[in-house]
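Architecture at a glance
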Amino acid sequence: MRRAIYPGSFDPVTYGHLDIIRRSACMFDELLVGVLNNSAKHSLFSAKERVEMLVKTTEEIGNVKIISFDGLLIDFMREQNISVVVRGLRAITDFEYELQISQSNRKVSGDTVDTIFLTTSVEYAYLSSSMVREYASYGTDVSAFVPDCVAEKLRRRFEN
Ligand code: PNS
């Protein structure tokens, strides 16, 4: 069975993430979406909330499983018996960071982990969770960037 993991913070999930999830789910028998639960990094939504939003927005894709993890990605992958990471590349600015992470994950895993990159669809190339959070914090409607249930959750999070 071909399995891969798409790891990230997903704080919150955007249409850009969903585009990568849909496209990579077609390439594997099972795609695990790994939600990083990093207590040292302040996130707007808890890992539980981020998982719930992902579960809801991917429910029509049969072979996707959402799970949160903490610690090192390669340790979690070993636990899950997965050796392929999927990441999205929006622009050249993402490339340097992603290259460094993928090469170090490969090295530290003893050359057992590979990363494949999907280029983000052009219509989502500018999109990021941090941008969505910032707009939402000023009360801007973000339904062009995220599914309605996520936009509603953001609206509630920032209402006074
Ligand atoms: O959506 P993000 O925040 O760009 O995702 C980054 C993520 C979660 C893929 C990356 O930070 C990660 O894998 N973190 C887990 C900890 C880890 O393995 N660190 C070693 C490489 S820096």
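Before reading on, note that the structure itself is shown above.
In this report, we go over the structure that sits alongside the text. (Residues numbered from 1 in each chain as written. Predicted model: local features only at pLDDT ≥ 70, side-chain atom pairs only at ≥ 80, totals over all residues. Heavy atoms only, no water.)

1. Notes on the site of the ligand
Taken together, Pro7, Gly8, Ser9, Leu36, Lys41, Gly71, Leu72, Leu73, Arg87, Tyr97 and Ile101 make up all the residues around the ligand. A distance of 2.6 Å is found between an oxygen atom of the ligand and a side-chain nitrogen or oxygen belonging to Ser9. A distance of 3.0 Å is found between an oxygen atom of the ligand and a side-chain nitrogen or oxygen belonging to Arg87. Expressed as a share of its isolated accessible area of 540 Å², the protein-covered part of the ligand is 70%. Within the residue set of the shell around the ligand, elements represented by two or more residues are strand 1 (3-8) and helix 4 (92-108). In the shell around the ligand, the residues fall into six nonpolar, three polar and two charged. (Near = heavy atom within 4 Å. Polar contact = N/O pair within 3.5 Å; in protein donor to acceptor, adjacent residues only side chain to side chain. Areas by Shrake-Rupley, 256 points an atom, 1.4 Å probe, with all protein chains shown as cover. Helix = DSSP H or I, 4+ residues; strand = E, 2+ residues; numbered from the N terminus. Nonpolar A, V, L, I, M, F, W, Y, C, P; charged D, E, K, R; others polar.)

2. Regarding the environment of Ser46
Along the chain, Ser46 turns up in the loop between strand 2 (30-36) and helix 2 (47-57). Each C-alpha atom of the pair Ser46 and Pro12 lies 9.9 Å from the other, and the pair is 34 residues apart in sequence.

3. Quick word on the pattern of salt bridges
Evaluation of the coordinates by the stated rule reveals 16 salt bridges. In this structure, Lys48 engages Glu52 in a salt bridge whose closest nitrogen and oxygen atoms are separated by 3.2 Å. On the criterion of helical spacing, the pair formed by Lys48 and Glu52 is a turn pair, its members being four residues apart in helix 2. When the shortest N-O distance is used, the salt bridge between Glu49 and Lys153 registers 3.4 Å. Of this pair, Glu49 sits in helix 2 while Lys153 sits in helix 6 (residues 148-158), and the two are 104 residues apart along the sequence. By relative accessible area, Lys153 is classed as partly exposed at 23%. What emerges from the salt-bridge pattern is a single network uniting Glu152, Arg155, Arg156 and Glu159. (Salt bridge = Lys/Arg side-chain N within 4 Å of Asp/Glu carboxyl O. Buried < 20%, exposed > 50% of the residue type's maximum accessible area, 1.4 Å probe, protein only.)

4. Brief notes about a nonpolar patch on the surface
A contiguous nonpolar surface patch, about 290 Å² in accessible area, is contributed by Ile92, Phe95 and Leu99. One can find Leu99 in helix 4. What makes Leu99 partly exposed here is its relative accessible area of 30%. (Patch = residues over 30% accessible without salt bridge, like charges linked within 9 Å, V, L, I, M, F, W, Y side chains within 5 Å.)

5. Examining the nonpolar core
A general trend in soluble globular proteins is that nonpolar side chains are found buried together. If you look at the biggest cluster of nonpolar residues, it comprises 33 residues, and the most contacted ones within it are Ile21, Leu31 and Leu154. Elements with a contribution of two residues or more to this core: strand 1, helix 1 (15-25), strand 2, helix 2, strand 3 (64-69), strand 4 (84-89), helix 5 (129-137) and helix 6. Counting residues per element, this core draws most heavily on helix 1, at four residues. Counting residues in each nonpolar core, the second largest holds 10 residues, with Leu32, Leu73, Phe76 and Val113 among its members. (Core = buried A, V, L, I, M, F, W, Y, C linked by side-chain atoms within 4.5 Å.)

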